[in-house]
There are 2 protein chains.
Amino acid sequence: MKVIKFGGSSLASATQLEKVLNIVKSDPERRFVVVSAPGKRNDEDTKVTDALIKYYKHYTKGADVKADQEWIINRYQAMVDELGFKSTEMAKIAKSINDLATLPIEDNDFLYDTFLAAGEDNNAKLIAEYFRNNGIEARYVHPRQAGIFVSSEPGNARILPGAYDKLEELRESDEVLVIPGFFGVTPDNQICTFSRGGSDITGSIVAAGVKADLYENFTDVDGIFAAHPGVVHEPHSIPELTYKEMRELAYAGFSVLHDEALLPAYRGKIPLVIKNTNNPDHPGTRIILEHKGATVPVVGIASDDKFVSINMTKYLMNREVGFGRKVLQILEDLNIRWEHMPSGIDDLSIIIRERELTPIKEQEILSYLTRELGVDEVEIEHGLSILMIVGENMKDHIGVTATAAKALSEKHINLEMISQGSSEVSVMFVIETEQEKAAVRALYDAFFRSGD
Amino acid sequence: MKVIKFGGSSLASATQLEKVLNIVKSDPERRFVVVSAPGKRNDEDTKVTDALIKYYKHYTKGADVKADQEWIINRYQAMVDELGFKSTEMAKIAKSINDLATLPIEDNDFLYDTFLAAGEDNNAKLIAEYFRNNGIEARYVHPRQAGIFVSSEPGNARILPGAYDKLEELRESDEVLVIPGFFGVTPDNQICTFSRGGSDITGSIVAAGVKADLYENFTDVDGIFAAHPGVVHEPHSIPELTYKEMRELAYAGFSVLHDEALLPAYRGKIPLVIKNTNNPDHPGTRIILEHKGATVPVVGIASDDKFVSINMTKYLMNREVGFGRKVLQILEDLNIRWEHMPSGIDDLSIIIRERELTPIKEQEILSYLTRELGVDEVEIEHGLSILMIVGENMKDHIGVTATAAKALSEKHINLEMISQGSSEVSVMFVIETEQEKAAVRALYDAFFRSGD
């Protein structure tokens, strides 16, 4: 029993939908189909979701919305026409789009979410009908019927713990169920959307709910690359990743799946595969709980910029009980999230993301450290990048750090800081941002092009 | 103007005192001599300080103290006899030792300190007289006269900030001043001793007080070795160290000078040299504020065992504001001092010294982390050692980490954790204790025997 999710680019045109149809048909285990809203057909095109945002803005400003409604309805109609079937759903879709402009504007916290969700919702109706017209016994299911019950946090819904029991009942269905992604229903029966990566979250929740054997996430790439293709020339796609490795890669710049989307599947111990709608025979990247048997020590090289380091030294710092805790407390009081805290004996660095700081917060930190904690020296260093070597099997391979440090030193890249925790899932280096790309290439070559 | 301090082994016998005399005579800048109590003359001998501890115990228990008094007085008398001069001080020394047994026992927080301090105090009187009999205009100065005013914390005295003004007046003296180490005088005129490394502290305080050009600390070794001589065969003595480097080395097992002893000299920006009484022509190890000009990247390799790591993982840990601070708070509440906190994305390790933990504290930590902080996994790993490469100039040399990691990997030493702070004074590796010696040798060879 598999849950299969398609992103917007996989659902943008008739050509793409035919691929989707074939993918679903080719495996009778593919019983739950989670869909995004139609994406762009070409670079000049508009995503349905963006058109809905425009529609929302016009409506709430009291402007004319006729053109917005027509454009969106036509977008679905064009798909039906292209696919060449006679739709009975189109009337419902059109009504649903038009009815949005009858919802109350005042005191309606969920209005924006309801507009946005219409993109996925109507696409699911259309796709279920298309499937039925092409030999698949398919049925559209609204999240309310499915049991995707969420908290009342507009734009940031969270699944309610009780939801999974209701979701499990979907297993009983004999039909292929087509479920719109991106939103759930609150206890007050309001439409409420998830945060970034919303349809991925729905897929993950459904997979956990129906206790799927596999959650297939179809995108437009052959899985997850071992390094950023914008930096390394034609990097390979990683065959197998663990959830932990995925998290580490996502942290440092990899953005195929948003990590919150992974949580339900991870907690439900559901393996995940990322595949390419345009190249379905490619095995893609499989994401599992743990590697079975021997694999390579390093699975990927990630990097991310816009990091800042607050470096402080104080003679006899390490004899001062509570020093580090006080430093973290001031950050917490300023609502600053920190990332790492490498330390020497009398020095401590706090690495944070640039966006967490403002000039005023910087001043407050400096003043607190100097006046309250009496540090001898403190400086805030900007323009840093984090470089990560990721691989759970590093712990069974001695010499990974040596290989990495050698490769970086040969390219004259200075390691500002180094941190490797006991889990040995990753080794992290802090370097200057201007050396980031060269560093990623050096490490990719060292670990994956050793034939050189 | 130099402050010169001699340890107990440099003052144990007439032969040693003759060396001391020549060292002081050979440089007219050596104007302040800080002395310890007489040390052991041979392996079977008793230190005067230990004899004073026995004397104290007998006295406070009401036992007969005659034999204790005689042994101690004879110890000083034997020195005078050996040196072959006629002492007028010996009568005062004998009276001082005997008078200890007239001090009140009840409600006397400083009795133990007063007994102990007599070892240094009487030795200073004797040495000043010996100097005078051999052509040096020398004068014994009690800490009360010198101005070594300290807090009322028996066994753990701290210098009072006002003391330095009085100490500075000592500069005016034309004589060589002989000052007993190890103790000061409280505002209530009580004798109060410093903690470990007490005479080194006195030397450091006097050097800062008189604004000395140099603080010479004479011991029985040719300075500080670049690695432990019990591990590496005949390691070299380090010519030049910074205070920071010294602190890092002291942290991981080097114990030539206790780091609290360094603080007054460090704050006073006084350079320090560690020299050998038995080999005064050897330049020893010079400890300064910062290296001038180019030096080697690595000055020493240190290691220390009996470390424990608390390793925890929690999915999405790094999104949880305050997580690390809460972990440090529980340690602080249990009065546990932590050393380092290397982290991955969803994992965090806290490295602490074995002595900070008890089985009950371990249970409390595990229970708190699991129940209050909801970690997914937590384990406490024993039998770890810290390995440190120390050198302030590492930051100007790319490739130090690569050299170290390569040397360790060639000896099949697994790096459990790595941490390098932004100051780049040291790189720290956490390894298993059973690999510690092999690791130190591998690094010593890599950095100092590169001719191999």
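Each value, and the rule that gives it
- Residues numbered from 1 in each chain as written.
- Chains lettered and ligands numbered in written order.
- Predicted model: local features only at pLDDT ≥ 70, side-chain atom pairs only at ≥ 80, totals over all residues.
- Heavy atoms only, no water.
- Helix = DSSP H or I, 4+ residues; strand = E, 2+ residues; numbered from the N terminus.
- Rg over C-alpha atoms; globule rule 2.2 N^0.38 Å.
- Buried < 20%, exposed > 50% of the residue type's maximum accessible area, 1.4 Å probe, protein only.
- Contact = heavy atoms within 4.5 Å.
- Areas by Shrake-Rupley, 256 points an atom, 1.4 Å probe, with all protein chains shown as cover.
- Lys, Arg positive; Asp, Glu negative; His and termini not counted.
- Charge placed at Lys NZ, Arg CZ, Asp CG, Glu CD.
- UniProt positions renumbered as here; feature names shortened; annotations may be inferred.
- Axes fitted to C-alpha atoms, helices over the stretch in contact; angles between N-to-C directions.
- Parallel < 35°, antiparallel > 145°, perpendicular 65-115°, else oblique.
- Left-handed = near helix turned anticlockwise from the far one by under 90°.
- Core = buried A, V, L, I, M, F, W, Y, C linked by side-chain atoms within 4.5 Å.
- Phe/Tyr/Trp six-rings, centres within 6.5 Å; stacked < 30°, edge-to-face > 60°.
- Lys NZ or Arg CZ within 6 Å of the ring centre and 35° of its normal.
- Pairing = 2+ DSSP bridges.
- Nonpolar A, V, L, I, M, F, W, Y, C, P; charged D, E, K, R; others polar.
- Expected span 1.5 Å × (residues − 1).
- Arc of directions from axis to C-beta.
- Buried area = accessible area lost by both parts, 1.4 Å probe.
- Salt bridge = Lys/Arg side-chain N within 4 Å of Asp/Glu carboxyl O.
- Polar contact = N/O pair within 3.5 Å; in protein donor to acceptor, adjacent residues only side chain to side chain.
- Patch = residues over 30% accessible without salt bridge, like charges linked within 9 Å, V, L, I, M, F, W, Y side chains within 5 Å.
- Least-squares fit on C-alpha atoms with pLDDT ≥ 70 in both.

### Describing the overall build of chain A
So, point 1. Counting its secondary structure elements, chain A contains 14 helices and 16 strands.
So, point 2. Over its C-alpha atoms chain A spans a radius of gyration of 25 Å, differing by no more than 12% from the 22 Å that the globule rule assigns to 452 residues.
So, point 3. Considering only C-alpha atoms, chain A reaches an extent of 75 × 55 × 45 Å along its principal axes.
So, point 4. Out of the 452 residues belonging to chain A, those deemed buried represent 60%.
So, point 5. Across chain A, contacts joining residues at least 24 apart in sequence account for 75% of those joining residues at least 6 apart.
So, point 6. When the accessible area of chain A is evaluated, it comes to approximately 18,200 Å², of which 47% is carbon and sulfur surface.
So, point 7. Each charge class in chain A was averaged separately, 49 positive and 70 negative side chains, and the resulting centres sit 4 Å apart.

### Some remarks on the UniProt feature "binding site: substrate" (unreviewed entry) in chain A
Residue and element names in this part refer to chain A.
So, point 1. Residues annotated in UniProt with the feature "binding site: substrate" (unreviewed entry) correspond here to Thr49 and Glu120. Across 72 residues in sequence, these annotated residues keep their C-alpha atoms within 8.3 Å of one another, forming a single compact spot.
So, point 2. Within the fold, Thr49 resides in helix H2 (residues 48-61).
So, point 3. Among all residues touching Thr49, those that are not within four sequence positions of it are Ala37, Leu116 and Glu120.
So, point 4. Mapped onto the elements, Glu120 comes out in helix H5 (residues 111-132).
So, point 5. Aside from chain neighbours lying at most four places away, what touches Glu120 is Val35, Ser36, Ala37, Thr49, Pro180, Gly181, Phe182, Phe183 and Ser199.

### Topic: the packing of helix H1 (residues 14-25) of chain B against helix H3 (residues 66-83) of chain B
Residue and element names in this part refer to chain B.
So, point 1. Their axes nearest at 9 Å, the elements H1 and H3 cross at an angle of 65 degrees. Looking at the two axes, H1 sits roughly perpendicular to H3. In the packing of H1 onto H3, the handedness of the crossing is right-handed. Across from Ala14, Leu17 and Glu18 in H1, the residues of H3 making contact are Met79, Glu82 and Leu83.

### Let's talk about the nonpolar core
So, point 1. In this structure, Ile389(A), Phe429(A), Ile389(B) and Phe429(B) are the most contacted members of the largest nonpolar core, which totals 159 residues.
So, point 2. Leaving out residues up to four positions away in the same chain, Ile389(B) has contacts with Val298(B), Gly300(B), Ile301(B), Met394(B), Val400(B), Ala404(B), Val425(B), Ser426(B), Val427(B), Phe429(B), Leu443(B) and Phe447(B).

### What to know about the packing of aromatic side chains
So, point 1. Summed over the entire model, instances satisfying the criterion amount to 20 aromatic pairs over all chains.
So, point 2. Ring geometry for Tyr55(B) against Phe115(B): centres 4.8 Å apart, planes inclined by 70 degrees, an arrangement best described as edge-to-face. Within this pair, whereas Tyr55(B) is found in helix H2 (residues 48-61), its partner Phe115(B) is found in helix H5 (residues 111-132), the two being separated by 60 residues in sequence. The burial state of Tyr55(B) is the same as that of Phe115(B); both residues are buried.
So, point 3. Put simply, the rings of Tyr55(A), Tyr56(A), Tyr59(A), Tyr112(A) and Phe115(A) touch in pairs and so form one group of aromatic residues.
So, point 4. Over the ring of Tyr315(B) we find Arg247(A); its NZ or CZ atom is 5.7 Å from the centre of that ring.

### Considering the sheet that holds strand E9 (residues 272-276) of chain A
Residue and element names in this part refer to chain A.
So, point 1. Read from one edge to the other, the open sheet built from eight strands follows the order E3-E4-E2-E1-E7-E9-E10-E8, with strand pairing classed as mixed. In the strand order of this sheet, the two ends are held by strand E3 (138-140) and strand E8 (240-242), each with one partner. Strand-to-strand, the axes of this sheet are offset by a mean angle of 20 degrees, without reference to chain direction.
So, point 2. As paired elements, strand E7 (residues 214-219) and E9 share five bridges and run parallel to each other. Residue pairing for E9: Glu216 is matched across the bridge by Val273.
So, point 3. Strands strand E2 (30-35), E3 and strand E4 (176-180) of the sheet are contacted by H5, whose axis makes an angle of about 160 degrees with E3.
So, point 4. Packing of helix H9 (residues 243-251) onto the sheet brings it into contact with E8, E9 and strand E10 (285-288), and relative to E8 it is tilted by some 85 degrees.

### Focus: the packing of H3(B) against H5(B)
Residue and element names in this part refer to chain B.
So, point 1. Look at H3 against H5: their axes get within 11 Å of each other, and the N-to-C directions meet at 15 degrees. Of the possible angle classes, the one that applies to H3 and H5 is roughly parallel. As for how H3 packs across H5, the hand of that crossing is right-handed. On H5, the residues that touch Tyr76, Met79, Val80 and Leu83 of H3 are Ala118, Gly119, Asn122, Asn123, Leu126 and Tyr130.
So, point 2. Along the lines of polarity and charge, the residues of the contact of H3 with H5 split into seven nonpolar, three polar and no charged.

### Brief notes about helix H12 (residues 359-371) of chain A
All names here are of chain A.
So, point 1. The terminal C-alpha atoms of H12, which comprises 13 residues, lie 18 Å apart, in line with the 18 Å expected from a rise of 1.5 Å per residue.
So, point 2. Within H12, the full set of buried residues consists of Glu362, Ile365 and Leu369. In a view along the axis of H12, the buried residues occupy a sector of 65 degrees, so they form one face of it. The exposed residues of H12 that point more than 90 degrees off its buried face are Pro359, Ile360, Gln363 and Arg371.
So, point 3. Check the buried side of H12 and you find it contacts strand E11 (300-313), helix H11 (323-333) and strand E14 (377-390).

### Description of the interface of chain B and chain A
So, point 1. Taken together, the contacts link 62 residues of chain B with 63 residues of chain A.
So, point 2. Between chain B and chain A lies a buried interface of about 5,800 Å² when both sides are counted; carbon and sulfur atoms form 53% of it.
So, point 3. The three residues of chain B that bury the most area against chain A are Arg247(B), Tyr315(B) and Ile345(B), which together make up 14% of that side's buried surface.
So, point 4. Applying the counting criterion to the chain B and chain A interface returns six salt bridges.
So, point 5. At the boundary of chain B with chain A, the tally comes to 16 residue pairs in polar contact (both at pLDDT 80 or more).
So, point 6. Going through the elements one at a time, helix H9 (243-251), helix H10 (259-267), helix H11 (323-333), strand E12 (338-340), strand E13 (347-353), strand E14 (377-390), helix H13 (400-410) and strand E15 (417-420) of chain B are the ones with two or more residues in the side of chain B that touches chain A.
So, point 7. In terms of residue count, H10(B) provides more of the side of chain B that touches chain A than any other element does, six residues in total.
So, point 8. Where strand E15 (residues 417-420) of chain A lies against E15(B), three bridges are found, and the strand directions are antiparallel. The residue bridging Ile418(A) from the neighbouring strand is Gln420(B), located in E15(B).

### Description of the pattern of salt bridges
So, point 1. Applying the stated criterion across every chain, the model contains 37 salt bridges over all chains.
So, point 2. Residue Arg132(B) is joined to Glu89(B) by a salt bridge in which the shortest nitrogen-to-oxygen separation is 3.8 Å. Pair noted here: Arg132(B) is in helix H5 and Glu89(B) is in helix H4 (residues 89-99), with a separation of 43 residues, a long-range link.
So, point 3. We classify Arg132(B) as partly exposed; its relative accessible area is 38%.
So, point 4. Here Arg158(B) and Glu153(B) are joined by a salt bridge, their closest N and O atoms 3.9 Å apart.
So, point 5. Taking the relative accessible area as the measure of exposure, Arg158(B) reaches 41% and is therefore partly exposed.
So, point 6. With relative accessibility at 31%, the residue Glu153(B) sits in the partly exposed group.
So, point 7. Among the charged side chains, a salt-bridge network with shared partners connects Arg41(A), Asp45(A) and Arg75(A).

### Here we look at a negative patch on the surface
So, point 1. Residues Glu137(A), Asp165(A), Glu169(A), Glu172(A) and Asp174(A) make up a contiguous surface patch of negative charge.
So, point 2. The class for Asp165(A) is exposed, based on a relative accessible area of 57%.

### Here's the deal with the relation of the copies chain B and chain A
So, point 1. Between chain B and chain A, which share one sequence, the superposing operator has a rotation angle of 180 degrees and an axial displacement of 0.0 Å; the RMSD is 0.1 Å. With respect to symmetry, the two chain copies, as superposed, fit the operation of a two-fold axis. The C-alpha atom lying nearest the rotation axis in chain B is that of Ser419(B); the distance is 2.3 Å.
So, point 2. Taken as a fraction of all interface residues of chain B, those also at the interface in chain A reach 100%, which identifies the copy contact as same-surface.

### Brief notes about the side chain of Thr401(B)
So, point 1. Relative to the helices and strands, Thr401(B) resides in helix H13.
So, point 2. We classify Thr401(B) as buried; its relative accessible area is 6%.
So, point 3. In this structure, Thr401(B) is in contact with Ala405(A), Leu415(A), Ile418(A), Gln420(B) and Val427(B), ignoring residues within four places of it in sequence.

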